[in-house]
Protein chains: 2
Amino acid sequence: MGKTAKIKKLKKKVSKLKAQLVAAKTHTHEVSPLAPARFPDLPVIAGARFSAVAAGVKYQDRLDVMLAELQPGTTVAGVFTRSATRSAPVLDCQAKLGSTSDQGAAILVNAGNSNAFTGAAGDGSVQAITATVAKALNVPENRVYSASTGVIGEPLPHDRITAKIDALKANLSPDAMQDAAQAIRTTDTFPKGAKAEIQVGDQTVNIAGFAKGSGMIAPDMATMLVFIFTDAKIAQADLQAMLSDLNEDSFNAITVDSDTSTSDTLLLAATGASDVEVDQSNTAFRTALNDVMLDLAHQVVRDGEGATKFVEVRVTGAKSNADAKIHALSIANSPLVKTAVAGEDPNWGRVVMAIGKSGAYADRDLLSIKFGDILVAEKGWVSPGYHEEAGADYMQQDELLIDVDLGVGDGTATVWTCDLTHAYIQINADYRS
Amino acid sequence: MGKTAKIKKLKKKVSKLKAQLVAAKTHTHEVSPLAPARFPDLPVIAGARFSAVAAGVKYQDRLDVMLAELQPGTTVAGVFTRSATRSAPVLDCQAKLGSTSDQGAAILVNAGNSNAFTGAAGDGSVQAITATVAKALNVPENRVYSASTGVIGEPLPHDRITAKIDALKANLSPDAMQDAAQAIRTTDTFPKGAKAEIQVGDQTVNIAGFAKGSGMIAPDMATMLVFIFTDAKIAQADLQAMLSDLNEDSFNAITVDSDTSTSDTLLLAATGASDVEVDQSNTAFRTALNDVMLDLAHQVVRDGEGATKFVEVRVTGAKSNADAKIHALSIANSPLVKTAVAGEDPNWGRVVMAIGKSGAYADRDLLSIKFGDILVAEKGWVSPGYHEEAGADYMQQDELLIDVDLGVGDGTATVWTCDLTHAYIQINADYRS
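Conventions used here
Residues numbered from 1 in each chain as written. Chains lettered and ligands numbered in written order. Predicted model: local features only at pLDDT ≥ 70, side-chain atom pairs only at ≥ 80, totals over all residues. Heavy atoms only, no water. Buried < 20%, exposed > 50% of the residue type's maximum accessible area, 1.4 Å probe, protein only. Helix = DSSP H or I, 4+ residues; strand = E, 2+ residues; numbered from the N terminus. Phe/Tyr/Trp six-rings, centres within 6.5 Å; stacked < 30°, edge-to-face > 60°. Domains from an automatic or database assignment. Contact = heavy atoms within 4.5 Å. Buried area = accessible area lost by both parts, 1.4 Å probe. Salt bridge = Lys/Arg side-chain N within 4 Å of Asp/Glu carboxyl O. Axes fitted to C-alpha atoms, helices over the stretch in contact; angles between N-to-C directions. Parallel < 35°, antiparallel > 145°, perpendicular 65-115°, else oblique. Left-handed = near helix turned anticlockwise from the far one by under 90°. Nonpolar A, V, L, I, M, F, W, Y, C, P; charged D, E, K, R; others polar. Expected span 1.5 Å × (residues − 1). pLDDT = per-residue confidence, 0-100. Pairing = 2+ DSSP bridges. Patch = residues over 30% accessible without salt bridge, like charges linked within 9 Å, V, L, I, M, F, W, Y side chains within 5 Å. Areas by Shrake-Rupley, 256 points an atom, 1.4 Å probe, with all protein chains shown as cover. Lys, Arg positive; Asp, Glu negative; His and termini not counted. Charge placed at Lys NZ, Arg CZ, Asp CG, Glu CD.

### Structural notes on helix 11 (residues 348–357) of chain B
No. 1: Most of helix 11 of chain B is tucked away: 9 of the 10 residues are buried.
No. 2: In the segment just after helix 11 of chain B, Gly359 of chain B is the residue with positive phi, at about 95°.

### Here we look at the packing of aromatic side chains
Residue and element names in this part refer to chain B.
No. 1: As enumerated under the stated definition, the model contains 10 aromatic pairs over all chains in all.
No. 2: Between Phe50 and Phe210, the ring centres sit 6.3 Å apart and the planes meet at 75°, which makes this aromatic pair edge-to-face. Note that Phe50 is positioned in strand 1 (residues 48–53) and Phe210 in strand 7 (residues 203–212), a separation of 160 residues in sequence.
No. 3: For the pair Phe50 and Phe229, a centre-to-centre distance of 4.8 Å together with 80° between the ring planes defines the contact as edge-to-face. Note that Phe50 is positioned in strand 1 and Phe229 in strand 8 (residues 225–230), a separation of 179 residues in sequence.
No. 4: Assessed through its relative accessible area of 0%, Phe229 is described here as buried.

### Considerations on the domain arrangement of chain A
Size of an interface: often given as the accessible area lost when the parts come together.
Residue and element names in this part refer to chain A.
No. 1: In terms of domains, chain A is made up of domain 1 (48–302) and domain 2 (310–429).
No. 2: A C-alpha centroid distance of 33 Å is found between domain 1 and domain 2.
No. 3: Facing the 15 residues of domain 1 at the interface are 14 residues of domain 2.
No. 4: Of the roughly 1200 Å² buried between domain 1 and domain 2 on both sides combined, carbon and sulfur atoms contribute 59%.

### Notes on the environment of Phe285 of chain B
No. 1: Inspection of the secondary structure puts Phe285 of chain B in helix 8 (residues 283–302).
No. 2: Excluding residues within four positions of it along the chain, Phe285 of chain B makes contact with Ile198, Val205, Ile207, Thr230, Ala232, Ile234, Met242 and Val278 of chain B.

### Some details on unusual backbone geometry
No. 1: For Asn115 of chain A, which is not glycine, the phi dihedral falls at a positive 50°.
No. 2: Positionally, Asn115 of chain A belongs in the loop between strand 4 (105–113) and helix 3 (119–137).
No. 3: If you check the backbone angles, Lys379 of chain B has positive phi at about 45° while not being a glycine.
No. 4: Mapped onto the elements of the fold, Lys379 of chain B is located in the loop between strand 13 (374–378) and strand 14 (381–382).

### Notes on the pattern of salt bridges
Once their charged atoms are close, side chains differing in charge can pair, the charge on each being opposite to the other.
No. 1: Scanning the model with the defined rule gives 22 salt bridges over all chains in all.
No. 2: The closest approach of N and O atoms between Glu344 of chain A and Lys309 of chain A, which form a salt bridge, is 2.7 Å. Highlighted residues: Glu344 of chain A in the loop between helix 10 (335–342) and helix 11 (348–357) and Lys309 of chain A in the loop between helix 8 (283–302) and strand 11 (310–318), separated in sequence by 35 residues.
No. 3: Under the relative-accessibility criterion, Lys309 of chain A is labelled buried at 3%.
No. 4: A salt bridge links Arg38 of chain B to Asp41 of chain B; the nearest nitrogen and oxygen atoms lie 3.3 Å apart.
No. 5: Owing to a relative accessible area of 55%, Arg38 of chain B belongs among the exposed residues under this scheme.
No. 6: Residue Asp41 of chain B is classed as exposed on the basis of its relative accessible area, which comes to 53%.

### A word on the side chain of His298 of chain B
No. 1: Position of His298 of chain B relative to the elements: it lies in helix 8.
No. 2: We classify His298 of chain B as buried; its relative accessible area is 18%.

### Quick notes on the packing of helix 10 of chain A against helix 11 of chain A
Residue and element names in this part refer to chain A.
No. 1: Put simply, helix 10 and helix 11 touch, their axes get as near as 9 Å, and they point 160° apart. Regarding the angle of helix 10 to helix 11, the classification is roughly antiparallel. The two elements helix 10 and helix 11 meet at a crossing, and its hand is left-handed. Of the residues in helix 11, those in contact with Leu336, Val337, Thr339 and Ala340 of helix 10 are Arg350, Val351, Met353 and Ala354.
No. 2: Tallied by class, residues from the contact of helix 10 with helix 11 come to 6 nonpolar, 1 polar and 1 charged.

### Topic: helix 9 (residues 321–333) of chain B
No. 1: If you check helix 9 of chain B, its first and last C-alpha atoms are 18 Å apart, about what 13 residues at 1.5 Å a residue would give, namely 18 Å.
No. 2: Along helix 9 of chain B, the residues classified as buried are Asp323, Ala324, Lys325, His327, Ala328, Leu329, Ser330, Ile331 and Ala332 of chain B.

### A short note on the confidence of the model for chain A
Residues and elements named next belong to chain A.
No. 1: Summarising the model, chain A shows a mean pLDDT of 86, and 91% of its residues fall at 70 or more.
No. 2: Note that residues 25–29 has pLDDT below 50 and, in this model, 9 contacts with residues that lie over four places away or in other chains.
No. 3: In the model, residues 219–223 has pLDDT below 50 throughout and makes 27 contacts with residues more than four positions away in sequence or in other chains.

### Some remarks on the sheet that holds strand 4 of chain A
Two modes of strand pairing occur in sheets, parallel and antiparallel, and in both the strands are linked by backbone hydrogen bonds.
All names here are of chain A.
No. 1: Taken in spatial order, the 4 strands line up as 1-2-4-5 in an open sheet, and their pairing is mixed. Two strands in the sheet have a free side with no partner beyond their single neighbour: strand 1 (48–53) and strand 5 (144–151). Each adjacent strand pair in this sheet contributes to an overall mean axis angle of 10°, direction not counted.
No. 2: In the sheet, strand 2 (residues 65–70) pairs with strand 4 via 6 bridges, with the strands oriented antiparallel. Considered in strand 4, the bridge of Glu69 is made with Ala106.
No. 3: Against the sheet, helix 3 contacts strand 2, strand 4 and strand 5, and its axis sits at roughly 135° relative to strand 5.

### Side note on a positive patch on the surface
No. 1: A cluster of basic residues, Lys3, Lys6, Lys9, Lys11 and Lys13 of chain A together with Lys3, Lys6, Lys9, Lys11 and Lys13 of chain B, forms a positive patch at the surface.
No. 2: Among the secondary structure elements, those contributing two or more residues to the positive patch are helix 1 (3–24) of chain A together with helix 1 (3–24) of chain B.
No. 3: With respect to the element layout, Lys3 of chain B can be found in helix 1.

### Notes on the sheet that holds strand 4 (residues 105–113) of chain B
Residue and element names in this part refer to chain B.
No. 1: Taking strand neighbours across the sheet as the criterion, the 4 strands line up as 1-2-4-5 in an open arrangement whose pairing is mixed. The outermost strands of the open sheet, each flanked by one partner alone, are strand 1 and strand 5 (144–151). Taken pair by pair, the neighbouring strands of this sheet meet at an average axis angle of 10°, ignoring direction.
No. 2: Strand contacts of helix 3 (residues 119–137): strand 2 (65–70), strand 4 and strand 5, with the helix running at about 135° to strand 5, the strand carrying the most contacts.

Written out as structure tokens, the structure reads:
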């Protein structure tokens, strides 16, 4: 072979090897392939103003602290992690929630440090932050809610935050919700926003919110960090009842890795600035709020650490709704189901396994399983009409449905999850070091 | 640059890229780095004979079916998966267990296909196999136990097994336990054997057994496939009581991936050939049996799919032993703890998270956590004497201890697990396709 041919051949080999290397290495800092095309244009929520700042809590040169100022009379509802080791800001929010006042309120959030498992110093940090915010905005301290997300067990350098309160206050704007969504990200690959608009009579009510969350995401708790705002006028008790209720089938119905955060916080604030009164019985508002919550919950799954597939797990025919949810979560949390999805393997045997281990009632010989519309298994065995190629084709899609009918009752549940990939390992095997 | 120089440079690039590619790809078919140096020399168990054959059930050109023949009077005890979707052979074993007879008994096991979720055909396969074995060895059909391990939901080609029964019978030998251990492997990277010898008066009793298991390993069930034999003479009720009791802190105290098999089977056979009578109160026998069971259980963890670290999780100071085990398993099953271990990251914050989410009682401010002898966290925060470098150094070891004291009671539990690595993803994202 001549030298020119040799060079050509070697160059071809180099380019092939480079491609293989790219395929073998997983890119962890790209935007999730499941991300929405763009951040939505969030509406202004009258009565609420936002700002964000780069305080260098942990990350350098990026927004990492956000402030929301809420007008006098705003009602605030919340749900939180049920972790026995929950963080100082979660405990502080829980203590403050329900206290009413005609004065204003505020929410301050930082990313990079979760102020969890930080002992008495952690409580001190929360106090320092909320006192500074209260003074700057002239609102009562027990109306200042805070949340922190990031590494566990390191002291929160709260001085870096309190030093920025004046700057945050100076920049408050009704249009800055996207900046706030940016500021609360940790391993998130995209900021998450959602909105809804409803008509009540001839008046318009707006709902908008944002969330962060990517790993350490599992249900049976409140959930990651989510902040939702509306200009409707809603009594605190009604607001809380709606939020707790809708949470069960939205944020409490998603899982990335079965691990539950120590910091999960969901706050919903109703400024009342629209002067439109809404209560629990308002179906239109309830539906709109549910849409926003589901949208944000799904975006968290879509940004699941290392996710390449968005999976809906639907269980019907269970003895009860509670049983259905146990089965659905057992499937959604199974590492073997999630790796099969990652490998585009229509391995319904692992779905059978996950149902079997869940602890809830099932009869092996009444089970049926569909992947999308494809009937895969029925009556305790593979369906006679099923062809492996059809399953394999289906699994190549980005969005998948695992649809199980247990055939033993009327209970139903739907949960959402993502696949388990090399990138999850990569992200989490060197997150802190 | 001249062409020769160019070729030299490109060749260098190719060799560098090849090395990077090798590093980026994980080797999944090597022997686990945590494997014992060699398979132990198992003693002959008088009254038991073994053989193994390559029947091509799924794998080609390797042992995949094994037969154990047990002398008349042998008692057999067993524990099994509690999965609601358990396999046909498990259901058959459970139905047969406890039936006594003075005649012989047999155990037949195949690898490659688990005969689970195979409907009525699955039951038919079990019957075909056990009837053929019963006839060949002249033992009652209800004394022939079978187990199958491998893919779920595909019909078991039992003809390939029944065609080999005569060959299996012809080759029965007291020395073939290692072949039997080889034959039952699926994704296992090494065969697992263990033994113990005790003196009862001036007589010797032997215990020996083998196991398979690597993925789909989680406690709260009987366990993978394990077969243990002794020449002691033990009543069936005593044998069963000891086995069920010891199982709780051995096989039911390990987890690889929190997924529970549909096929887990542990059978313990006492041939009585030593004429040494043993009952539940015999502490020496109990201890020796426990040693064998723990040894095999640990080997399953050491062969956990993709494992590079063997981790003992010890929890003390819980409100009860049951609470301690819930906490220990929550830590051992947490993907975030397991990926931190894989990354040699002393991320004790994730241990705090796993305790918090477990659902069992804990008081954040009474917790203390040690990695080995290193006190990492105490009284709700990082220990003042802890240095991250010490933790990071410790995490580089192959065998790790995560030692948690809850400080709220006397409950204790110990469980064993492994780390979660890229190789687990690789093995399970293309196991079947």
